[in-house]
Amino acid sequence: MQTRTPGKLARYLWSAITRRKLRGFCTVCSRKTMFFHLSDRPREHCRCIRCNSSARGRALVQVLNDTVPGWAQKSILEFAPHGAVSGMLADRCDSYTGSVYLPDKPTGEVIEGHRNEDLRSLTLPAESCDIVISQDVMEHVFEPEKAFAEIGRILRPGGVHIFTIPYLPQLP
């Protein structure tokens, strides 16, 4: 961990205060707020000052609001949960499960509050979820076709899979 002298800390705080700011409405904390650009990567670093949500997280909530009426009463499974949005989903949803993949641990078990699942071979029963969320996960799965098939298997009729994959135009 880097330690900061009082002078360095003051310069750091001043740079954070003087960064570009935007006013708007945060879909995560449901309030008018201000957003700070913490870097040149707005997808992750344009943060709400109230709940610290990222632009990607706010976009996820907007997609839920626009496409899945009553989503808070649905069964939601989120792979690789993190940040303000995952906390909000866990707090607001009647049935929310966060899932991680720890290959050296048994699948289907709850480990430190998250269900351990391999996306290519889920232990969940068929038609057991209304909404599956995977943000920036599928690009890490070695056999994504198996993962998409498994997600289709566990979704209830009319269910949705909301996912993101990073866009990196410099890569083929």
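Refer to the preceding data block for the structure.
Below is a short write-up of the structure. (Residues numbered from 1 in each chain as written. Predicted model: local features only at pLDDT ≥ 70, side-chain atom pairs only at ≥ 80, totals over all residues. Heavy atoms only, no water.)

**Notes on the pattern of salt bridges**
- Overall, the coordinates contain seven salt bridges when judged by the stated rule.
- One salt bridge connects Arg 56 with Asp 136, and the closest N-O pair in it is separated by 3.7 Å. Of this pair, Arg 56 sits in helix α3 (residues 55-67) while Asp 136 sits in the loop between β8 (129-135) and α5 (144-154), placing them 80 residues apart in sequence. Judged on exposure class, the residue Arg 56 and its partner Asp 136 are both buried. (Salt bridge = Lys/Arg side-chain N within 4 Å of Asp/Glu carboxyl O. Helix = DSSP H or I, 4+ residues; strand = E, 2+ residues; numbered from the N terminus. Buried < 20%, exposed > 50% of the residue type's maximum accessible area, 1.4 Å probe, protein only.)

**Examining the packing of α3 against helix α4 (residues 83-92)**
- Between α3 and α4, whose axes approach to 8 Å, the crossing angle comes to 35 degrees. Contacts from Gly 57, Arg 58, Leu 60, Val 61 and Leu 64 of α3 reach α4 at Val 85, Met 88 and Leu 89.
- Residue composition of the contact of α3 with α4, by class: six nonpolar, one polar and one charged. (Axes fitted to C-alpha atoms, helices over the stretch in contact; angles between N-to-C directions. Contact = heavy atoms within 4.5 Å. Nonpolar A, V, L, I, M, F, W, Y, C, P; charged D, E, K, R; others polar.)

**Side note on the sheet that holds strand β4 (residues 75-79)**
- Spatial ordering of the open sheet is given by β6-β7-β5-β4-β8-β9, a layout of six strands whose pairing is mixed. Bordering the open sheet on either side are β6 (110-111) and β9 (155-164), each of which pairs with just one other strand.
- Sheet analysis places strand β5 (residues 95-100) next to strand β7 (residues 114-116), joined by two bridges and oriented parallel. Its bridge partner being in β7, Val 100 is matched across the sheet by Asn 116.
- Helix-sheet contacts for α3 involve β8 and β9, and the interaxial angle to β8 is about 160 degrees. (Pairing = 2+ DSSP bridges.)

Worth remembering: the numbers are spatial, not functional.
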